[in-house]
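# Architecture at a glance
One letter stands for each residue in the lines below.
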Amino acid sequence: MTSIKEQAAISRLLSFLQDWDNAGKAARSHILDNFIENNQGKTASELEQEFSQGASLFLVRLTTWLRLTYMTGSSLEKVLRSIGIFLTSVNSNRYLIEFLEVGGALTLLETLGMEKIKEEDKKESIKLLQVIANSGRKYKELICESYGVRSIAEFLAKSKSEETQEEVQVLLDSLLHGNPKYQNQVYKGLITLLPSVSPKAQQLALQTLRCAQSIIGATHPSIVDCVLNVLRTMHLEVQYEAIELIKDLVNYDVCEALLIGLVDLLTPPIPETSELQPKILSDSTVLQLTSPHQPAAHLPAFLQQAAAAKAIGVLARGNTSLAEEMLRLRVVHSLMAAMGNVDHSNSQRQASLTLEYFVRIFPVVEEHVQKCMGQELYKLFRVSVPAPPRPACAESSGPIRTEPPAPRPSPGAPLTRTGPGGQRQGRTRAWAAPASLRSLSCPQSNAEDLHMKIDSVQVDILATNKVNVSRELYLRGHVYSNKSCYFCPRDRQRLPDSTHFLEDVDGKE
């Protein structure tokens with residue numbers, strides 16, 4: 001037999017539920033305001049005490065009203081926030097199950113695709129989906145089985161609020177972790193976001209893809225083209241994230257395709273780029289995006305060219321092996337051609353800075369570039385003055401060796417070096433000087449502002465260059481193979497693919 005206090009509590013609950021059932025839109029909105037204000041942050045037991053062990057009766061009414069009115073958007077934000085109080089309370093698993101059993105997750109996903117619903121209301125739906133996803137693996141699978149990844153990705157691409165887009169990224173990241181059954185579905189959904197017209201969506205997708213790549217451990221075939229196309233963006237924050245993802249992808253099986261794609265982007269297939277028309281710049285300090293001779297439609301290709309030159313420089317500075325592989329792909333020729341693109345000064349600048357690194361690290365590149373440019377242009381490219389002293393943090397604990405480097409071997413000479421006792425110490429990469437020695441003896445770079453100093457004749461020299469370092473490396477016996485080995489002419493018969501490589505080099509000329 002219930003006590004008088006319990007009977008009074010039950011009477012208050014029934015009266016509250018009756019008031020809700022008989023109330024109109026305005027009255028229900030007022031009831032929701034009071035509920036949110038008085039119950040925010042309460043635990044499940046406190047909610048049950050507030051509703052006399054009948055909190056689920058009010059939750060089912062909220063869920064029913066949500067399903068009946070979400071298409072019109074009437075007081076939708078308040079309804080979602082009220083449901084959130086139940087789902088986020090401590091020990092709320094019972095409320096979560098009750099909400100999902102009546103199709104609550106599917107309703108939340110449907111709100112994301114409704115054009116009439118306000119952005120703020122959709123943001124509340126995303127927050128509730130976060131709560132569901134964070135409740136465990138089976139709930140993440142439920143969202144994915146309800147075509148949730150597609151709905152969420154489409155909303156991220158169409159959303160106009162950066163704050164809401166960041167909430168969507170948190171949700172996608174949650175669906176990615178601890179969800180082995182559908183993590184590949186999330187991974188593919190992120191790739192489909194890369195062509196989005198929203199820069200923020202691209203940026204967030206690229207950030208999440210870096211995390212997804214480390215979790216999945218394999219790459220999708222379409223990711224290379226999608227990431228390279230992102231380099232067309234005018235937004236530097238998107239370009240930065242794309243280059244960071246490229247730095248991660250070179251550690252996977254798409255490395256070769258990425259390097260080939262980046263080198264190819266240095267020479268975009270635009271007919272007008274070969275028509276070198278002289279022009280007078282009224283202000284050489286202003287960054288020229290396009291010339292009067294070039295339509296604005298070519299700007300994305302030029303932006304992609306500049307970003308590719310920048311990405312190649314980042315990869316080469318971070319990994320010498322990648323730099324050596326790009327030499328085989330004739331990156332020096334392509335960089336010099338990009339330096340001759342007078343229609344986009346940033347392409348010239350980025351290509352010049354990257355080429356300067358290759359020249360500084362590889363003597364064979366320096367030799368060919370200097371021979372192609374000629375004395376006057378090369379002097380503009382690299383000012384022959386001593387480099388500034390190294391900072392104290394870069395000094396080694398031992399004494400610095402100041403003796404001159406050993407002379408370069410003649411073509412076909414064995415790749416050997418001599419130790420202190422005159423003993424042969426095996427082969428070494430004679431065409432890649434030690435970084436510490438090169439930093440002490442190399443001239444100071446003048447590459448960053450080279451594009452503002454060259455004339456039309458020098459532009460023609462760069463754009464029509466025939467530099468082929470890869471052929472020279474083969475003839476010298478320093479060719480870089482897939483096994484990262486360097487061999488002498490007498491060792492060529494040991495590698496069955498050497499003949500194919502020579503044919504490939506000749507075919508690229």
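Everything numeric here is computed off the predicted structure, so don't read it as measured data. (Residues numbered from 1 in each chain as written. Predicted model: local features only at pLDDT ≥ 70, side-chain atom pairs only at ≥ 80, totals over all residues. Heavy atoms only, no water.)

Next up on the list: the overall build of the protein chain. Broken down by element type, the protein chain carries 26 helices and two strands. Among the 509 residues that make up the protein chain, the fraction classed as buried is 48%. When the accessible area of the protein chain is evaluated, it comes to approximately 25,700 Å², of which 52% is carbon and sulfur surface. (Helix = DSSP H or I, 4+ residues; strand = E, 2+ residues; numbered from the N terminus. Buried < 20%, exposed > 50% of the residue type's maximum accessible area, 1.4 Å probe, protein only. Areas by Shrake-Rupley, 256 points an atom, 1.4 Å probe, with all protein chains shown as cover.)

With phi around 65°, glutamine 53 is a residue other than glycine that occupies positive phi space. For glutamine 53, the position within the fold is in the loop between α3 (44–50) and α4 (55–69). The backbone of arginine 330 shows a phi angle near 60°, a positive value even though the residue is not glycine. Relative to the assigned elements, arginine 330 resides in the loop between α18 (320–328) and α19 (331–339).

Let us look at the packing of aromatic side chains. The tally for this structure, following the rule as stated, stands at 13 aromatic pairs. Residues phenylalanine 35 and phenylalanine 86 carry aromatic rings whose centres are separated by 5.6 Å and whose planes lie at 15° to one another, so their mutual orientation is stacked. With a gap of 51 residues between them, phenylalanine 35 in helix α2 (residues 25–39) and phenylalanine 86 in helix α5 (residues 76–87) connect regions that are remote in the sequence. When sorted by exposure, phenylalanine 35 lands in the same class as phenylalanine 86, which is buried. Members of the aromatic cluster, each reached through a chain of ring pairs, are Phe16, Trp20, Phe35, Phe51, Phe58, Trp65, Phe86 and Tyr95. One residue, arginine 28, lies across the ring of tryptophan 65, its end atom 5.3 Å from the ring centre. (Phe/Tyr/Trp six-rings, centres within 6.5 Å; stacked < 30°, edge-to-face > 60°. Lys NZ or Arg CZ within 6 Å of the ring centre and 35° of its normal.)

The next subject is the packing of helix α7 (residues 104–112) against helix α8 (residues 119–133). To characterise two packed helices, one gives the angle between the axes of the helices and the distance between these axes. In contact at an axis separation of 9 Å, α7 and α8 are set at 145° when each is read in the N-to-C sense. As for how α7 packs across α8, the hand of that crossing is left-handed. Residues Ala105, Leu108, Leu109, Thr111 and Leu112 of α7 form the contact with α8, whose participating residues are Lys122, Ser125, Ile126, Leu128, Leu129 and Ile132. Residues that form the contact of α7 with α8 fall into these classes: eight nonpolar, two polar and one charged. (Axes fitted to C-alpha atoms, helices over the stretch in contact; angles between N-to-C directions. Left-handed = near helix turned anticlockwise from the far one by under 90°. Contact = heavy atoms within 4.5 Å. Nonpolar A, V, L, I, M, F, W, Y, C, P; charged D, E, K, R; others polar.)

Quick look at empty space enclosed by the protein now. Which parts of space are left empty comes out when a probe the size of a water molecule is rolled across the atoms. The full count for this structure, using the stated rule, is two cavities of 30 Å³ or more. As a volume, the second largest cavity reaches approximately 30 Å³. Around the second largest cavity, the lining residues are Met339, Gln348, Ser352, Leu450, His451, Ile454 and Leu462. In the lining of the second largest cavity, the residues fall into four nonpolar, three polar and no charged. (1 Å grid on protein atoms, 1.4 Å probe; cavity = no way out; pocket = protein on both sides within 12 Å on 5 of 7 lines; lining within 4 Å. Points joined across faces, edges and corners; volume = space filled by probe spheres on them.)

For threonine 69, the location among the structural elements is in helix α4. Engagement of the side chain of threonine 69 in a polar contact is seen with the backbone oxygen of tryptophan 65, the distance being 2.7 Å. (Polar contact = N/O pair within 3.5 Å; in protein donor to acceptor, adjacent residues only side chain to side chain.)

Take the environment of leucine 377 next. Position of leucine 377 relative to the elements: it lies in helix α22 (residues 375–381). For leucine 377, a relative accessible area of 1% translates into the label buried. Remark: the alpha-carbon pair of leucine 377 and leucine 462, spanning 85 residues in sequence, is separated by 9.7 Å. In this structure, leucine 377 is in contact with Leu450, Ile454, Gln458, Ile461 and Leu462, ignoring residues within four places of it in sequence.

What follows covers α2. For α2, with 15 residues, the first-to-last C-alpha span of 21 Å sits near the 21 Å given by 1.5 Å per residue. Turning to α2, its buried residues are Arg28, Ser29, Ile31, Leu32, Phe35, Ile36 and Asn39. The buried residues of α2 all sit within an arc of 160° when viewed along its axis, so they share a single face. Exposed residues pointing more than 90 degrees away from the buried face of α2 are listed as Ala26, Glu37 and Asn38. In this structure, the buried residues of α2 make contact with α1 (4–22), α3, α4 and α5. (Expected span 1.5 Å × (residues − 1). Arc of directions from axis to C-beta.)

A few words on the pattern of salt bridges. Throughout the structure, instances matching the rule amount to 17 salt bridges. Glutamate 98 is the partner of arginine 94 in a salt bridge, and the nearest nitrogen-oxygen pair spans 3.8 Å. With arginine 94 and glutamate 98 both in helix α6 (residues 93–101), this residue pair falls four residues apart, about one helical turn. Ionic pairing is found between arginine 137 and glutamate 141, a salt bridge with its closest N-O pair at 3.1 Å. Highlighted residues: arginine 137 and glutamate 141, both in helix α9 (residues 137–145), separated by four residues, approximately one helical turn. Taking the relative accessible area as the measure of exposure, glutamate 141 reaches 14% and is therefore buried. Overlapping salt bridges, with partners in common, bring together Arg210, Glu244, Lys247 and Asp248 in one network. (Salt bridge = Lys/Arg side-chain N within 4 Å of Asp/Glu carboxyl O.)

Attention now goes to helix α14 (residues 223–230). Burial runs high along α14: six of the eight residues are buried. Three or more residues of α14 are buried, namely Ile223, Val224, Cys226, Val227, Leu228 and Val230.

A word on the confidence of the model for the protein chain. Here the protein chain averages 81 in pLDDT, while 75% of its residues score no lower than 70. Below a pLDDT of 50 lies the segment residues 272–290, which in the model reaches 29 contacts outside its immediate sequence neighbourhood of four places, other chains included. In this model residues 478–509 is a low-confidence stretch, pLDDT under 50, and it forms 56 contacts with partners more than four residues away in sequence or in other chains. (pLDDT = per-residue confidence, 0-100.)

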